Amino acid sequence: MQLRSLGIALAATAALIALPTTHPPAAAVDTPLSQGKTATASSTEDAGTAAAKAVDGDTGTRWSSAAADDQWFQVDLGATASVTQVVLNWETAYGKDYKVQISTDGTNWTDLKSVTGSDGGVDTLDVSGQGRYVRMLGVHRATPWGYSLWEFQVFGSTSGTQPACGTANAAQGRPATASSTENAGTPASAAFDGDTGTRWSSQASDPQWLQVDLGAVKDLCQVDLNWEAAYGKDLQLQASADGRNWTTLKTVTGASGGTASYDVSGSGRYLRIYGTARGTGYGYSLWEVAVHTGSTGTPPVQGGGDLGPNVIVVDPSTPDLQKKFDDVFAQQESSQFGTGRYQFLLKPGTYNGINAQLGFYTSISGLGLNPDDTQINGDVTVDAGWFNGNATQNFWRSAENLAIKPSGGTDRWAVAQAAPFRRIHVQGGLDLAPNGYGWASGGYIADSKIDGTVGPYSQQQWYTRDSSVGGWTNGVWNMTFSGVQGAPATNFDSGPYTTLDATPVSREKPFLYLDGSTYKVFVPAKRTNVRGVSWPANAGTSIPLDQFYVVKPGATAATINQALAQGLNLLFTPGVYHLDRTIDITRANTVVLGLGLATLVPDNGIDAMHVADVDGVKLAGFLIDAGPVNSDTLLRIGTPGSTADHSANPTTMQDVFVRIGGAGPGLATNSVVVNSDDVIIDHTWIWRADHGSGVGWDTNRADYGLRVNGDDVLATGLFVEHFNKYDVYWNGERGRTIFFQNEKAYDAPNAAAITHDGIVGYAAYKVADSVTTHEAWGLGSYCNYTADPSIVQAHGFQVPTAAGIKMHDLLVISLGGKGQYAHVVNTTGAPTSGTDTVPSKVTQFP
């Protein structure tokens, strides 16, 4: 959302360090184990100083971090190694105090060497340890700049021990699919049923394939094929983590059928036999396929542990507490697309005279079971001084589970999208506008009590759910309430309010708390026909932290999936996580909780996360940032064709945000696809960036924001903006939405680029023609066609006309005349009003 000051450039300027004309060589002469291996880091100064530059063998290239302490650089050696020496070739910006650490899994670290008082240059460290991952953890910088390494070299030897290959058949009885079957009597499953009297056979053509889902990513070491007379002559054995992107483990040519065993090396959840040439005139036919997995000696992922360097846990006696808030705010205030991520956790108690100002990617939460357990006599503040009093870009921050008695009687929370205010007791008033009452574009409150009056003032839209307020002063365009005690009455025909007495179904977001000295995650229970807050009754369950894999920066997707396969939940600590494989959630009731806007970035075109069609998964509190290679779907909930009934225990998606572009080029055909029934989408901002870097009609192309295929899906607080085609496409039956906020893509080059089926412009919210029952309340769509202000979009909303379709309180707005709408919904509703920025409304359709 960027309604004003569209031309203002937002850029962070990094200090430039003069490069020396010569760089001292590393002391060791052998090729290091680290050279050319995968490297990651807590941050990078810019695109030219990526982590890979410190392991490329070139002393003229370097990695450099952001200008802050607690930075790290890490290399994956690819296999367990006995490490004997580490050489750090520092650039001018060096680490004065740092640690060199080793890990078997990229998560649990052991110190190899602690260095204090380094003078830069080349540090050659003799060490002794075994592990696959080696990192430098910076403690104190020697200069005002970040940490910078020409080269990071690890020496030693890799283990010669080969993993043992198990005798069990990991494929037996597992789900199987195939490119084709000869007939109904030769299904894919027959090759994995343990019966050599049944078989799979394909049609008589090339190529054909047979595939099995092992249920979790496994280390693969041997594949046994038992061919019927119709065998494969040339074939490939392939593995995949996601069933879409395949790696060839073995290429076989000139095979002669019968039984054959092939040693392989690799990992994957899916194993595929891909036939390219048949040995006979018939198809491919297999009596049985056996897949054997290895025992690599990798230890199980451990649950629990510390919360990492970017979680700041405090109590009322913490020294210099105000300075801790101020230091993080100084770094994050204007860091809109930076890599810093921070979570403040406040232990129960009373905090006097505190003003916690929150910048980008900063969250503050109380650690009590109830908000009143953590009392702030002071303020939690979001304002817009960094952007000249314009709050329309105050994204990506949160406050949760606190009581606030504002120092001046009223707390200020001037935010835009992706800034939830949950489970808060404000013992006074709440101001949703910035100082000076500049532009503001939010926002979301849930499960909160505001004793005084809420003053939106310049806020354009807002959604409040299951709360209580002492009063509500005004609204600009679209103020929607459900289950809110003290909410104003509906007056949408003449004002901004849409009010539902209750929310039909809700379940509050899971949260971390302290039970004595033990961390636990509280998972609130589902409620129906809800009005008011969920506390202090607190129906729900507690899960100890040792049942969570505490994910820290540097963790790999393989380890994350291993933890899930072991039955652990996930707690992502603040950081940016690059994924080389899809995170697969297959267990019912799994909790995935992020702190400090933890950010997942899928690399190489994979999907970021898949959730199986199971009961009660809880996704909460993280950001998915599209990578530069197109992903098909960033987040998929349920498999295509899902039909199971989850009404008793629905999957929830809460404060899960999606971004395509802005922090750099990003591409995704679909952002979020919901296939499961009964899912609750409770507050999301799905955003194709309109500003930042990597922004352009094709540069950060993303066709669809949210696609709903499941039935009985409920969305409460739905923000979706700027997609190349439909922002929301709803294909499931009996869907419901309470509050929707949208802007169409600013950068549509002309009307022709968005014309389809004889219609100019894709609807912001499209209900498929086949749907017979759908209902929605409080929906707004705005256009700001800056690339071609002459565009006249046909409508904001497109729905079937049927007795079961009920749309309440819709509006469309032209922002200052940059494009127009001809109608509100279908061909109903007056056109927008030129440059006057006055809503065109329909209170009931049909």
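Residues numbered from 1 in each chain as written. Predicted model: local features only at pLDDT ≥ 70, side-chain atom pairs only at ≥ 80, totals over all residues. Heavy atoms only, no water.

Peer 1: Describe the overall build of the chain, with residues and values.
Peer 2: The number of helices and strands found in the chain is two helices and 59 strands. Computed over the C-alpha atoms, the radius of gyration of the chain is 28 Å, within 12% of the 28 Å expected from 2.2 N^0.38 for a compact globule of 846 residues. Based on the C-alpha atoms only, the size of the chain along its principal axes is roughly 80 × 75 × 55 Å. Every one of the 846 residues in the chain was classed for burial, and the buried ones make up 59%. Counting only contacts in the chain whose residues sit at least 6 apart along the sequence, the fraction spanning at least 24 positions is 67%. For the chain, the exposed surface amounts to about 28800 Å²; the carbon and sulfur share of it is 47%. Put simply, the chain has 53 plus and 78 minus side-chain charges, and the middle of one group is 2 Å from the middle of the other. (Helix = DSSP H or I, 4+ residues; strand = E, 2+ residues; numbered from the N terminus. Rg over C-alpha atoms; globule rule 2.2 N^0.38 Å. Buried < 20%, exposed > 50% of the residue type's maximum accessible area, 1.4 Å probe, protein only. Contact = heavy atoms within 4.5 Å. Areas by Shrake-Rupley, 256 points an atom, 1.4 Å probe, with all protein chains shown as cover. Lys, Arg positive; Asp, Glu negative; His and termini not counted. Charge placed at Lys NZ, Arg CZ, Asp CG, Glu CD.)

Peer 1: Can you explain the side chain of Asp682? Please cite residues and give values.
Peer 2: Topologically, Asp682 is positioned in strand S46 (residues 680–688). Separated by 3.0 Å, the side chains of Asp682 and Arg465 make a polar contact. Residue contacts for Asp682: discarding those within four places in its chain leaves Arg422, Tyr444, Arg465, Met653, Gln654, Asp655 and Thr716. (Polar contact = N/O pair within 3.5 Å; in protein donor to acceptor, adjacent residues only side chain to side chain.)

Peer 1: Quick rundown of the nonpolar core? Include the residues and the values.
Peer 2: If you look at the biggest cluster of nonpolar residues, it comprises 82 residues, and the most contacted ones within it are Phe572, Ile583, Leu619 and Tyr765. Apart from the residues lying within four places of it in its own chain, the contact partners of Phe572 are Val551, Ile560, Tyr577, Ile583, Val592, Leu593, Gly594, Leu595, Ala598 and Leu600. Counting 37 residues, the second largest nonpolar core, distinct from the first, contains Val328, Ile354, Ile450 and Val484. (Core = buried A, V, L, I, M, F, W, Y, C linked by side-chain atoms within 4.5 Å.)

Peer 1: Give a description of the environment of Leu149 that names residues and reports values.
Peer 2: You can see Leu149 is positioned in strand S7 (residues 148–158). Judged by relative accessible area, which is 0%, Leu149 ranks as buried. Taking C-alpha positions, Leu149 is 5.4 Å from Trp63, a pair spaced 86 residues apart along the chain. Those residues in contact with Leu149 that sit more than four places away from it in its chain are Ala54, Thr61, Arg62, Trp63, Leu88, Asn89, Trp90 and Glu91.

Peer 1: Please set out the pattern of salt bridges residue by residue, giving values where relevant.
Peer 2: If charged atoms from side chains of opposite charge come close, those side chains can pair. Under the definition given, this model contains 35 salt bridges. The partner of Asp584 in a salt bridge is Arg269, and the shortest N-O contact between them spans 4.0 Å. You can see Asp584 sitting in strand S39 (residues 583–585) and its partner Arg269 sitting in strand S14 (residues 259–278), a full 315 residues away along the chain. A salt bridge links Asp769 to Lys766, with the nearest nitrogen and oxygen atoms 3.0 Å apart. A cluster of three or more residues bridged by salt bridges with shared partners is formed by Glu400, Arg422, Arg465, Asp466, Glu508, Lys509, Arg527, Asp655 and Asp682. (Salt bridge = Lys/Arg side-chain N within 4 Å of Asp/Glu carboxyl O.)

Peer 1: Describe the environment of Ser82, naming the residues involved and giving the relevant values.
Peer 2: Tracing the chain through its elements places Ser82 in strand S3 (residues 72–90). Along the primary structure Ser82 and Phe155 are separated by 73 residues, whereas in three dimensions their C-alpha atoms are 8.5 Å apart.

Peer 1: How would you sum up the sheet that holds strand S35 (residues 540–544)? Please name residues and give values.
Peer 2: Reading across from one edge, S32-S33-S35 is the order of the three strands in this open sheet, with antiparallel pairing throughout. Pairing within the sheet leaves two strands with one partner each, and these edge strands are strand S32 (511–515) and S35. For this sheet, the mean angle separating the axes of adjacent strands, direction not counted, is 40 degrees. Both S32 and strand S33 (residues 518–524) contribute to a ladder of five bridges, which runs antiparallel. By the bridge assignment, Leu514 is partnered in S33 with Tyr519. (Pairing = 2+ DSSP bridges. Axes fitted to C-alpha atoms, helices over the stretch in contact; angles between N-to-C directions.)

Peer 1: Would you mind going over helix H1 (residues 321–332) in detail, with residue names and values included?
Peer 2: End to end, H1 covers 17 Å across twelve residues, agreeing with the expected 16 Å (1.5 Å per residue, within 8%). Considered for burial, the residues of H1 that qualify are Leu321, Phe325, Val328, Phe329 and Gln332. Summarising the axial view, the buried residues of H1 lie within an arc of 100 degrees, below the 170-degree limit, and thus occupy one face. (Expected span 1.5 Å × (residues − 1). Arc of directions from axis to C-beta.)

Peer 1: Outline the side chain of Gln793, supporting the account with residue identities and numerical values.
Peer 2: Positionally, Gln793 belongs in strand S55 (residues 792–793). A distance of 3.0 Å separates the side chain of Gln793 from the backbone oxygen of His795, its partner in a polar contact. Filtering out sequence-adjacent residues up to four positions away, Gln793 remains in contact with Lys744, Ile754, Val760, Gly761, Tyr762, Ala763, Tyr785, Gln820, Tyr821 and Ala822.

Everything listed is a geometric property; what it means functionally is a separate question.
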